[in-house]
Each structure stands twice: as C-alpha cells, then as structure tokens.
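Next come the chains, spelled out residue by residue.
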Amino acid sequence: MSGPDAYVMLLSSLPHHGALTRTKQTPLSRLRLNARLKVLAPEDAEALGLVEDLLSWELVQKLGSDAEVVRRAKQTMARLDSPFLKEILRQRLELRTMVAALRRRRRGLPAPRSGEIWGFGRWTNHIAHNWGDSAFGLARVFPWAREADRLIKEDDAYGFERLILEEVWRDLGRAGEGHTFDFEAVVVYVLRWNVVERWTAYNEATAKERFVGLVEAGMSQAGDLFGEAANG
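Calculation notes
- Residues numbered from 1 in each chain as written.
- Predicted model: local features only at pLDDT ≥ 70, side-chain atom pairs only at ≥ 80, totals over all residues.
- Heavy atoms only, no water.
- Helix = DSSP H or I, 4+ residues; strand = E, 2+ residues; numbered from the N terminus.
- Buried < 20%, exposed > 50% of the residue type's maximum accessible area, 1.4 Å probe, protein only.
- Contact = heavy atoms within 4.5 Å.
- Core = buried A, V, L, I, M, F, W, Y, C linked by side-chain atoms within 4.5 Å.
- Salt bridge = Lys/Arg side-chain N within 4 Å of Asp/Glu carboxyl O.
- 1 Å grid on protein atoms, 1.4 Å probe; cavity = no way out; pocket = protein on both sides within 12 Å on 5 of 7 lines; lining within 4 Å.
- Points joined across faces, edges and corners; volume = space filled by probe spheres on them.
- Nonpolar A, V, L, I, M, F, W, Y, C, P; charged D, E, K, R; others polar.
- Axes fitted to C-alpha atoms, helices over the stretch in contact; angles between N-to-C directions.
- Parallel < 35°, antiparallel > 145°, perpendicular 65-115°, else oblique.
- Left-handed = near helix turned anticlockwise from the far one by under 90°.
- Phe/Tyr/Trp six-rings, centres within 6.5 Å; stacked < 30°, edge-to-face > 60°.
- Lys NZ or Arg CZ within 6 Å of the ring centre and 35° of its normal.

Tracing the backbone through its elements, the reader meets Leu37 in the loop between α2 (30-36) and α3 (42-55). Taking relative accessible area as the criterion, Leu37 reaches 10% and is therefore assigned buried. For Leu37 and Leu10, which are 27 residues apart along the polypeptide, the C-alpha to C-alpha distance reads 7.5 Å. Contacts of Leu37, omitting those with residues within four sequence positions, involve Leu10, Arg30, Leu48, Val186 and Val190.

Quick look at the structure:
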C-alpha cells in the first residue's frame, strides 16, 4: 500500500500518546516505530530524518560549537521544501536559543558579543540587548521564560527540564492541529515520541546530578544551544 492510504493505516496503527507528565514509558519501542515508518515515501522519510537528526542530542557529539550547530541548522532548513517542517524547526531552535541564553546568564557570562554566532532565529540580537531582563524582553513571545529563569536560578534542574519539555509538547500539539492522517501528523507523532522518551528517562536525582555537572564543567561550547533540557 502506498500514498495517502498508507499514512492513514500507519497513523491508525500507532498507539495514542497520553499526557506527557503522567507517562511512564513510550507508547511503543523505537524498533517497532521504525518498522512502521517504513511505509513513508522516500522523500518523506528523508525529510523526517533530517529533522530528527538536527534535533538530536547526538549532534552535539559530532559538532564542535554552537556556531557549527547553527550552520547545520541553516543547511537543513535549506534542504527542506516543507514550510511545515521549517516552522517546526524554527520554533524548536528559537526555544533552544532562549534556553541557551538562560544557561549562559546562569553561569555569570555576559551577553553575546555583536557578530557572535551563538543562537538561531529572530531573537538573538534582542536577547543580547535585553540581557538584564529575566525574560530578555520576550515575555509575550515566550510566556514560560520568567518561570524558567526562576527555576534555573534556584538550581531546580528537574523543574526546569519539565517546564521546557512541556512547552515543546504544547508547541507540537499546536503544530499538529488540523493534521490527522497526513505526513505532518506523522512528524508530530514521532517528535512527540522523542519527547516522551526523554521525559521517561528523567528523574529528579539524575536531573540534579546532570545540572550540577554541567554547571561545574562550564559546559561545552555546543552544550548551550543543544543542551539536554531543550531536546525533545
């Protein structure tokens, strides 16, 4: 079976995602998910792979700095034809840029210098020019930012990661509105599966240990923009 009917069958076969923070495990294993995704058209499978690769934590291990991550992001966006996928990536990378700024400021570092490549999207200059504001002057754009700032100042790693993942979850839900049995719905499902995987791997003790370790190490250059708390 191929074409739209294949996507209807695929999505009908996938177990429902429950509420994120009440979820104890992914609705199916990645092995089984990958097996079901084999019905994707080659061009759709390639596009989904590009999106997942860009959003993966493993990318940090391949690239040496946030500037290289930003360059990869631009290259990926240029390869994608779908406005839907580009918007998904733009939202996620701009969220990660906010998280990067919060982490940077938490370590007592100054605002990024003019011309420094450290984040992605429309708000990098605005953030740098509003470094002293708890939400970088973007509270209306990112309503969660002031709460995230409070949590990171209190070293509440678990609360911080939960807040960010819940925001990613909501963004994906909004993106999926109006998409039920098409490729876009598949993308939302897979990206939400990734968020569930990260959430179910967390617990308060390990979150605190990871947070302290990152702060004490000063974090790698690439650790801010693509840090774990921003991954979904």
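For the rest of this paragraph, the subject is the nonpolar core. By size, the foremost hydrophobic cluster in this structure holds 68 residues, and its most contacted members are Trp144 and Phe183. Looking at this core, the elements with two or more residues in it are α1 (4-13), α3, α5 (66-79), α6 (83-106), α8 (145-153), α9 (157-175) and α10 (183-201). Examining the composition of this core, we find that 12 residues originate from one element, α10, more than from any other. With residues near it in sequence (within four places) discarded, Phe183 still touches Tyr7, Leu40, Asp44, Ala47, Leu48 and Leu85.

Tallied over the entire structure, the rule returns 19 salt bridges. Asp53 is the salt-bridge partner of Arg72, the closest N and O atoms lying 3.4 Å from each other. On the criterion of sequence distance, the pair formed by Arg72 in helix α5 and Asp53 in helix α3 is long-range, its members being 19 residues apart. We classify Asp53 as partly exposed; its relative accessible area is 27%. Note that Arg174 and Asp171 form a salt bridge whose closest N and O atoms lie 2.4 Å from each other. With Arg174 and Asp171 both in helix α9, this residue pair falls three residues apart, about one helical turn. When salt bridges that share partners are traced, they join Glu87, Arg90, Glu94 and Arg122 into one network.

This part is about empty space enclosed by the protein. Scanning the entire structure with this criterion turns up two cavities of 30 Å³ or more. Considering only enclosed or pocket space, the second largest cavity measures out at about 60 Å³ in volume. Lining the second largest cavity, in full, are Ile88, Gln91, Arg92, Leu95, Val168, Asp171 and Leu172. Per-element accounting of the lining of the second largest cavity gives the leading share, four residues, to α6. Across the lining of the second largest cavity, the residue classes break down as four nonpolar, one polar and two charged.

Let us now look at the packing of α3 against α5. Two numbers describe how α3 lies on α5: the axes approach to 10 Å, and their chain directions differ by 165°. In terms of their interaxial angle, α3 and α5 are classed as roughly antiparallel. Relative to α5, the crossing made by α3 is left-handed. Of the residues in α5, those touching α3 at Glu46, Leu50, Asp53 and Leu54 are Arg72, Ala73, Thr76 and Arg79.

The phi torsion at Phe136 lies on the positive side, around 55°, for a residue other than glycine. Locating Phe136 in the fold gives a position in the loop between α7 (124-129) and α8. Even without a glycine there, the phi angle at Asp155 is positive, about 55°. With respect to the helices, strands and loops of the structure, Asp155 is situated in the loop between α8 and α9. For Asp155, a relative accessible area of 24% corresponds to the partly exposed category.

For the structure on display, the rule yields three aromatic pairs. Seen in terms of ring centroids, Trp131 and Phe136 are 5.3 Å apart; in terms of plane orientation they differ by 45°. Their pairing is tilted. On the basis of relative accessibility, which here comes to 0%, the residue Phe136 falls in the buried class. With a centroid separation of 5.9 Å and an interplanar angle of 40°, the aromatic rings of Tyr158 and Trp199 are classed as tilted. Residue Tyr158 is located in helix α9, and its partner Trp199 is located in helix α10; the two are separated by 41 residues in the primary sequence. You can call Tyr158 partly exposed: its relative accessible area is 24%. Given the relative accessible area of 7%, Trp199 is considered buried. A cation over a ring is seen here: Arg30 above Trp193, with NZ or CZ 5.4 Å from the ring centre. Over the aromatic face of Trp169 sits the side chain of Arg192, whose NZ or CZ is 4.0 Å from the ring centroid.

The quantities given are spatial measurements derived from coordinates; they are silent on function.
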